[in-house]
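# A look at the structure
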Amino acid sequence: MTKLLDFLSSTRIIIASLIIMIVIGVVFSFMPRLVGGELLDMQMSAIDANARLSEMSSWHKSNHIFITLFLDSLYPLAYGGFLAGIAARFAKPWRKFAVIPAFATIIVDFAENLVQVVALAGSANILILKNIITPIKFGGLFFAAILALILLLIALVKWMRKQLN
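In this text the structure is predicted, and so the values were computed from the model without any measurement.

In this structure, the largest pocket encloses a volume near 280 Å³. Forming the walls of the largest pocket are 16 residues, and the residues nearest its centre are F28, M42, Y75, K137 and F138. Where the lining of the largest pocket is concerned, the elements lending two or more residues are α2 (11–28), α6 (71–90) and α9 (130–164). Per-element tally for the lining of the largest pocket: the top contributor is α6, with 5 residues.

The following block contains the structure:
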């Protein structure tokens, strides 16, 4: 685990993760055209996801599956790597605990992707799981992002104090 955290906390990996996260985020902005509206990821409940799914043609569903399997599988690795890297770098004494929200969010995002691919492939009843998975994903992402922001602010204050002395 230490080697992974050392890798993620390197400046090179943090910057690369940030850049990849931003690029994928920009690419995501073009995806609604390919799926006839919002991605299922943006639907917070099974009811909304089922409604959105019923609006899609088979072509939209095929595109959505491709987007989910490739683009939306890279995205959690990018944002998760970035947030875990920040936590691992700036929460030194307790970094093994500080990375848990980012790592957990990656896992939950992959679970959500699996649910959505299965639903897009024809088993819409599985979308009931979005009632649990999607709020957990966004909550975990929010928590990991707030933790990273706090750690960055603390590091900035320490750096500024050091510069003044």
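A word on the packing of helix α8 (residues 100–120) against α9. Pairs of packed helices are described in terms of their axes, by the angle between the two and the distance that separates them. At their nearest, the axes of α8 and α9 sit 9 Å apart, and the two run at 150° to each other. With respect to α9, the element α8 is oriented roughly antiparallel. Our pair here, α8 against α9, has a crossing hand that is left-handed. Of the residues in α9, those touching α8 at P101, A102, T105, V108, D109, A111, E112, V115 and Q116 are K130, I133, T134, I136, K137, G140, L141, F143, A144 and L147. Partitioned by chemical class, the residues of the contact of α8 with α9 number 11 nonpolar, 4 polar and 4 charged.

With that settled, consider the environment of V23. In this structure, V23 sits in helix α2. Take V23: its relative accessible area is 48%, and that puts it in the partly exposed class. Through-space distance from the C-alpha of V23 to that of M56 is 26 Å; in sequence the pair is 33 residues apart.

For α8, built from 21 residues, the straight-helix expectation of 30 Å at 1.5 Å per residue is met to within 8% by its first-to-last C-alpha distance of 30 Å. Two residues or fewer past α8, G122 is found with a positive phi of approximately 130°.

Take the pattern of salt bridges next. Under the criterion given, the structure shown has 5 salt bridges. Between K130 and E112 there is a salt bridge, and its shortest N-O distance comes to 2.9 Å. Taken together, the residues K130 in helix α9 and E112 in helix α8 connect sequence positions 18 residues apart. By the burial criterion, K130 is buried, and E112 matches it. Taken together, the salt bridges that share partners define one network made up of D41, E112, K130 and K137.

Moving on, we get to the environment of L53. With respect to the helices and strands, L53 occurs in helix α4 (residues 46–54). The class for L53 is buried, based on a relative accessible area of 5%. For the pair L53 and L127, spaced 74 residues apart in sequence, the C-alpha to C-alpha distance is 9.7 Å. Not counting the four nearest positions on each side in its chain, L53 is found in contact with L40, K61, A119, L120, A124 and L127.

A few words now on a nonpolar patch on the surface. On the surface, F142, I146, L149, I150, L153, I154, L156, W159 and M160 cluster together to form a nonpolar patch covering roughly 880 Å² of accessible area. Along the chain, the position of F142 falls in helix α9.

Once that is clear, we can look at the packing of aromatic side chains. Summed over the entire model, instances satisfying the criterion amount to 3 aromatic pairs. Judged by centre distance (5.2 Å) and plane angle (80°), the rings of F28 and Y75 are edge-to-face. Of this pair, F28 sits in helix α2 while Y75 sits in helix α6; the two residues are 47 residues apart in sequence, bridging distant segments of the chain. Accessibility expressed as a relative area gives 14% for F28, which makes it buried. Note on F66 and F70: the rings are 4.7 Å apart at their centroids and 45° apart in plane angle, and the pair reads as tilted. Given a relative accessible area of 51%, F66 falls into the exposed group.

So, how was this worked out
The residue numbers shown here count from 1 along each chain, following its written sequence. Thresholds applied to this predicted model are a pLDDT of at least 70 for local features of residues and 80 or more for the giving and counting of side-chain atom pairs; totals over whole chains, interfaces and linings are not thresholded and use all residues. The basis for every side-chain value is the complete set of heavy atoms in the structure, and neither hydrogens nor water enter the calculation. Whether a set of points on the 1 Å grid over the protein atoms alone is a cavity depends on a 1.4 Å probe fitting there but being unable to get out, while an open set qualifies as a pocket with protein on both sides within 12 Å along at least five of seven lines; lining residues are those with an atom within 4 Å of a point. Grid points are joined across faces, edges and corners, and a volume is the space filled by probe spheres set on the points. Only DSSP runs of H or I covering at least 4 residues are called helices, and only runs of E covering at least 2 are called strands; the numbering of each starts at the N terminus. As a rule, the C-alpha atoms of each element are fitted with a line to give its axis, helices using only the stretch in contact, and angles between N-to-C directions run from 0 to 180 degrees. Orientation labels follow simple angle bins: below 35 degrees gives roughly parallel, above 145 gives roughly antiparallel, 65 to 115 gives roughly perpendicular, and whatever is left gives oblique. By definition, turning the near helix anticlockwise from the far helix through less than a right angle yields a left-handed crossing, and turning it clockwise yields a right-handed one. Throughout, a contact is declared for two residues whenever any of their heavy atoms are within 4.5 Å. Gly is placed with the polar residues, together with every amino acid not listed as nonpolar (Ala, Val, Leu, Ile, Met, Phe, Trp, Tyr, Cys and Pro) or charged (Asp, Glu, Lys and Arg). With a 1.4 Å probe rolled over the protein chains alone, any residue whose accessible area is under 20% of its type maximum counts as buried; one over 50% counts as exposed, and the rest are partly exposed. Between the first and last residue of a helix there are one fewer steps than residues, each counted as 1.5 Å, and that sum is the expected span. Take a side-chain nitrogen of Lys or Arg and a carboxyl oxygen of Asp or Glu: if they are within 4 Å of each other, that pair is a salt bridge. The patches described consist of residues with a relative accessible area above 30% and no salt bridge, like charges being joined within 9 Å and nonpolar side chains (Val, Leu, Ile, Met, Phe, Trp, Tyr) within 5 Å. To measure how exposed things are, a 1.4 Å probe is used in the Shrake-Rupley method; for residues, cover is taken only from the protein chains shown. Between the rings of Phe, Tyr and Trp (Trp by its six-membered ring), a pair exists once the centres lie within 6.5 Å; its type follows the angle of the planes, with under 30 degrees stacked, over 60 edge-to-face, and the other angles tilted.

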